[in-house]
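# Observations on the model geometry
Here are the chains, one letter per residue:
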Amino acid sequence: MSPAARQSFVVAPTDWWTRIQQAVGTVAALGTLVVIVFSWQSIKQVEDEHALTRKGQVTDRYNTAVGDIGEDSLEIRLSGIYALQRIMEESPHDQPSIINILSAYIRNHAKKPKPEPITPEDPTSDIQAVLTALGNRDPFYDSTARIDLHGAYLAGANLEGAYLGGAHMDDVNLRGASLDRVNLRGASLDRVNLRGARLERANLSGASLYFADLRGAYLRRANLKNMWLLGAKLGHANLQGADLTDTDLNLAKLGDAKR
């Protein structure tokens, strides 16, 4: 046998064996890929099923809570309010509709008492619970929803640190309320009653307070930039340290306001 033939006889099996190893490796890689894809699809299917289950659970809780806040029992209404607050935290997608529901609750349940008390009284526990839920929400998820409390009687309410930016609060009675550090930027507060209310470090920049009653209000170090105060009453209000940049006080009734 010639040397060339002997070389071919030796090399051929080696090449054949290499190709077999490569083929086995390719099959193994494809098998691994198939397992990965199948596992991913299985995990995704389970996650989708869990998401649907959670969505169904949230819907059930939402419907139950909305029904509860219409009950006569104060305890049941409070349970519904707290449930809606938790849903806002856990399901931001539902926040805009809950804002509208809770705003309507305030307008329907916080009406001016007859006769009106001489000194402000604390709101009922359900009204305060709704105010706390609205004020402590994350406004990032509001979408186009707007808090609307117009005409509500909220004398003596506690809204310290609440976020109510852009809220519709015309004709609201907040006499003697606690509003320190509240954010009411750009809110509509025409004819609002803030007589004797505390608003230290409050943010009212760009808010409209036409013909508002701020007599005796405590507004030390508040942000009162670019406000609209036509006809507003500020007699004996404390404005020391307040930022009044671009706010025209010539249209307001200052009386003995401290500046």
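Residues numbered from 1 in each chain as written. Predicted model: local features only at pLDDT ≥ 70, side-chain atom pairs only at ≥ 80, totals over all residues. Heavy atoms only, no water.

## Some thoughts on helix H3 (residues 95-109)
Defined as follows: A run of DSSP states H or I qualifies as a helix once it reaches four residues; a run of E qualifies as a strand once it reaches two. Both are numbered from the N-terminal end. The length a helix should cover is 1.5 Å for every residue beyond the first. Here's how the labels work: a residue is buried when its accessible area is under 20% of the maximum for its type, exposed when over 50%, partly exposed in between, all with a 1.4 Å probe on protein chains only.
For H3, which comprises 15 residues, the first-to-last C-alpha distance of 21 Å matches the rise-based estimate of 21 Å (1.5 Å per residue) to within 8%. Turning to H3, its buried residues are Gln95, Pro96, Ile98, Ile99, Leu102, Ser103, Tyr105 and Ile106.

## Let's talk about empty space enclosed by the protein
Definition in use: With a 1 Å grid spanning the protein atoms alone, the term cavity applies to any set of points in which a 1.4 Å probe fits but cannot get out, the term pocket to an open set with protein on both sides within 12 Å along at least five of seven lines, and the term lining residue to any residue with an atom within 4 Å of a point. Grid points are joined across faces, edges and corners, and a volume is the space filled by probe spheres set on the points.
Under the definition given, this model contains one cavity of 30 Å³ or more. The calculated volume of the largest cavity comes to roughly 30 Å³. Lining the largest cavity are Leu214, Leu219, Leu224, Met227, Leu229, Leu234, Leu239 and Leu249.

## Some words on the nonpolar core
For clarity, the threshold we go by: Only buried residues count toward a nonpolar core, which is a set of Ala, Val, Leu, Ile, Met, Phe, Trp, Tyr and Cys residues joined through side-chain atoms within 4.5 Å. Residue contacts are defined here by distance: any two heavy atoms, one from each residue, within 4.5 Å place the two residues in contact.
Ranked by internal contacts, the top residues of the largest apolar core, which has 66 residues, are Leu154, Leu174, Leu199 and Leu209. Sorting the residues of this core by element identifies helix H1 (3-68), helix H2 (74-90), H3 and helix H4 (125-135) as the ones contributing at least two each. What Leu199 contacts, discounting residues up to four positions off in sequence, is Leu179, Asp180, Val182, Leu194, Leu204, Ala217, Tyr218, Leu219, Arg220 and Ala222.

## Description of the packing of aromatic side chains
Threshold: Between the rings of Phe, Tyr and Trp (Trp by its six-membered ring), a pair exists once the centres lie within 6.5 Å; its type follows the angle of the planes, with under 30 degrees stacked, over 60 edge-to-face, and the other angles tilted.
Applying the stated criterion across every chain yields a total of one aromatic pair. Geometrically, the ring pair formed by Phe140 and Tyr141 is edge-to-face, given 5.1 Å between the ring centres and 90° between the ring planes. With relative accessibility at 67%, the residue Phe140 sits in the exposed group. Note on Tyr141: relative accessible area 35%, which makes it partly exposed.

## Brief notes about the confidence of the model for the protein
The test is simple: Confidence per residue, as judged by the predictor, is encoded in pLDDT with a range of 0 to 100.
In this model, the protein carries an average pLDDT of 87, and 82% of its residues clear a pLDDT of 70 or more. Confidence, read as mean pLDDT per element, is least for H1 in the protein (66) and greatest for H4 (98).

## Quick notes on the pattern of salt bridges
Under the convention used in this document: Salt bridge, as used here: a side-chain nitrogen of Lys or Arg that lies within 4 Å of a carboxyl oxygen of Asp or Glu.
Throughout the structure, instances matching the rule amount to 13 salt bridges. We note a salt bridge from Glu116 to Lys112, for which the minimum N-O separation is 3.5 Å. For Glu116, a relative accessible area of 29% translates into the label partly exposed. Under the relative-accessibility criterion, Lys112 is labelled exposed at 56%. Here Glu116 and Arg175 are joined by a salt bridge, their closest N and O atoms 3.4 Å apart. Of this pair, Glu116 sits in the loop between H3 and H4 while Arg175 sits in the segment after H4, placing them 59 residues apart in sequence.

## Some details on the side chain of Asp126
Along the chain, the position of Asp126 falls in helix H4. For Asp126, a relative accessible area of 3% corresponds to the buried category. Discounting chain neighbours no more than four positions away, the residues touching Asp126 are Leu74, Arg77, Leu78, Ile81 and Tyr105.

## Comments concerning the environment of Lys258
Position of Lys258 relative to the elements: it lies in the segment after H4. Considered as a pair, Lys258 and Gln240 are 18 residues apart in the sequence and their alpha carbons are 6.2 Å apart. With near-sequence residues (within four places) excluded, Lys258 lies in contact with Ala237, Asn238, Leu239 and Gln240.

## Some points on a nonpolar patch on the surface
The condition that has to hold: Without a salt bridge and with relative accessible area above 30%, a residue can belong to a patch; like charges are then joined within 9 Å and nonpolar side chains (Val, Leu, Ile, Met, Phe, Trp, Tyr) within 5 Å. All accessible-area figures derive from a Shrake-Rupley calculation using a 1.4 Å probe, and residue coverage is judged against the displayed protein chains alone.
Together, Trp16, Trp17 and Ile20 give the surface a local cluster of nonpolar side chains, amounting to about 350 Å² of exposed area. By the element assignment, Trp16 lies in helix H1.

## Some words on unusual backbone geometry
Here Lys114 and Pro115 are connected by a cis peptide whose omega angle stands at -5°. With respect to the secondary-structure elements, Pro115 resides in the loop between H3 and H4. Its identity as a non-glycine residue notwithstanding, Arg191 has a phi of 65°, on the positive side. Following the sequence through the fold, Arg191 ends up in the segment after H4. The backbone of His236 shows a phi angle near 65°, a positive value even though the residue is not glycine. Here His236 falls in the exposed class, since its relative accessible area comes to 56%.

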